[in-house]
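So you can see what is in the structure, the chains are spelled out below.
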Amino acid sequence: MLTEIDRHLPSLTRAERAVARWVLKHPRQATAGTIADVARAAGTSEPTVIRFCRSIGLDGFRDLKLRLAEAVGRPGSFAHKDVDPNDSVEEAVIKVLDRSLQALNELRAGVSTLPFEPAVAAMAKARQIVFVGLGASGAVAEDACQKFFRLGIPCATATDTPTLLQMAAIAERGDVFVIISQTGRWPPTVRGAERARGRGAIVIVVSEPGSPLASSASLVFGNTVAEDLSIYTPMSSRLAILALLDALQVALAIRLGPAAEQRLKASKEALAEPA
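This write-up is about the structure you can find in this document.

1. Here's the deal with the overall build of the protein chain
What the protein chain contains, in helices and strands, is 14 helices and five strands. Its C-alpha atoms give the protein chain a radius of gyration of 20 Å, near enough to 19 Å, the size a compact globule of 275 residues would have. C-alpha extents for the protein chain along the principal axes are approximately 65 × 45 × 35 Å. In the protein chain, which comprises 275 residues, the share counted as buried stands at 45%. In the protein chain, of all internal contacts separated by at least 6 residues, the share reaching a separation of at least 24 is 66%.

In structure tokens:
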């Protein structure tokens with residue numbers, strides 16, 4: 001069912017796509033909720049939810065709930081949402097790559113709606129940049145820190161709850177927190193964002209639009225790439241976020257000008273020196 005919804009995305013209206021994307025991200029919540037719950041969470045109306053159901057070939061909302069319950073109860077594979085256990089190695093590889101390409105294309109299509117300009121402006125003046133990610137998002141935060149510090153701005157990571165809460169508690173004006181979260185609903189992450197922002201830091205969030213974390217942010221890079229959360233580690237959405245942060249780092253380097261260029265050059269040359 002989830003793959004079928006995803007397949008219909010291009011043919012849906014804008015409002016129907018909002019429903020589709022919410023259902024793809026929250027299949028279990030959609031299964032347990034009412035039509036009013038889904039409409040409210042997706043930011044649409046109950047008639048739109050019904051139209052969405054019919055647009056993807058279902059009889060109505062009850063039919064959607066039954067199909068979703070079947071999908072989340074018996075996933076085809078815990079390796080990847082699009083892969084079937086009977087697929088050949090080549091078929092599995094192609095499906096994973098196709099999903100990754102789709103995630104990047106979705107990111108590219110929405111670039112004009114993302115706050116790159118104000119984010120770069122805040123980072124260019126930052127006293128320090130703290131990259132935050134708990135769980136699987138921690139690897140993304142560490143990757144970003146490794147790239148951004150070469151521009152000459154002090155950078156740090158917070159990849160566990162105690163570190164996040166302590167760094168947020170001593171945040172100052174001029175600090176920028178970049179918080180990465182798949183769902184934006186983990187309470188410690190939200191608490192850290194609120195505390196840092198309350199102390200005057202700029203909080204940039206890369207997460208689900210409309211989530212509690214997004215509501216606590218100064219700037220939001222909405223992650224609308226659908227991900228099957230029955231799989232332990234996010235895949236396609238993580239690739240999109242990595243690409244987004246790469247683009248942000250390059251844009252910041254351009255804003256900082258020759259000084260950043262020299263630091264990038266110096267850091268590269270340092271690795272080339274003989275041991």
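Next comes the rest of the account.
2. Observations concerning the pattern of salt bridges
What the rule picks out here adds up to seven salt bridges. Among the salt bridges present, the one from E117 reaches R255, with a minimum N-O distance of 2.2 Å. Taken together, the residues E117 in helix α8 (residues 116-124) and R255 in helix α13 (residues 236-256) connect sequence positions 138 residues apart. E117 sits in the exposed class, given a relative accessible area of 51%. Overall, the relative accessible area of 38% leaves R255 in the partly exposed class.

3. A look at the nonpolar core
By size, the foremost hydrophobic cluster in this structure holds 33 residues, and its most contacted members are M123, I129 and F221. Looking at this core, the elements that each hand over two or more residues are α7 (89-109), α8, β1 (128-133), α9 (137-148), β3 (175-180), β4 (202-207), β5 (219-222) and α13. Top contributing element to this core by residue count: α13, with seven residues. Counting 23 residues, the second largest nonpolar core, distinct from the first, contains L12, V23, A30 and C53.

What counts, and where the lines are drawn
Every chain's residues receive numbers from 1 upward, in the order its sequence appears when written. Given that this is a predicted model, residues contribute local features only at a pLDDT of at least 70 and side-chain atom pairs are listed and counted only at 80 or more, while totals for whole chains, interfaces and linings are drawn from all residues. Computation of side-chain values covers all heavy atoms of the structure but excludes hydrogens and water. Secondary structure elements follow DSSP: runs of H or I no shorter than four residues count as helices, runs of E no shorter than two count as strands, and numbering proceeds from the N terminus. Radius of gyration means the value over C-alpha atoms here, while the globule rule gives 2.2 Å times the residue count to the 0.38 power. Buried residues are those whose accessible area, probed at 1.4 Å on protein chains only, stays under 20% of the maximum for their type, while exposed residues exceed 50% and partly exposed ones sit between those limits. Pairs of residues are marked as contacts when any of their non-hydrogen atoms sit within 4.5 Å. For salt bridges, the criterion is a side-chain nitrogen of Lys or Arg within 4 Å of an Asp or Glu carboxyl oxygen. To define a nonpolar core, start from buried Ala, Val, Leu, Ile, Met, Phe, Trp, Tyr and Cys residues and group those joined through side-chain atoms within 4.5 Å.

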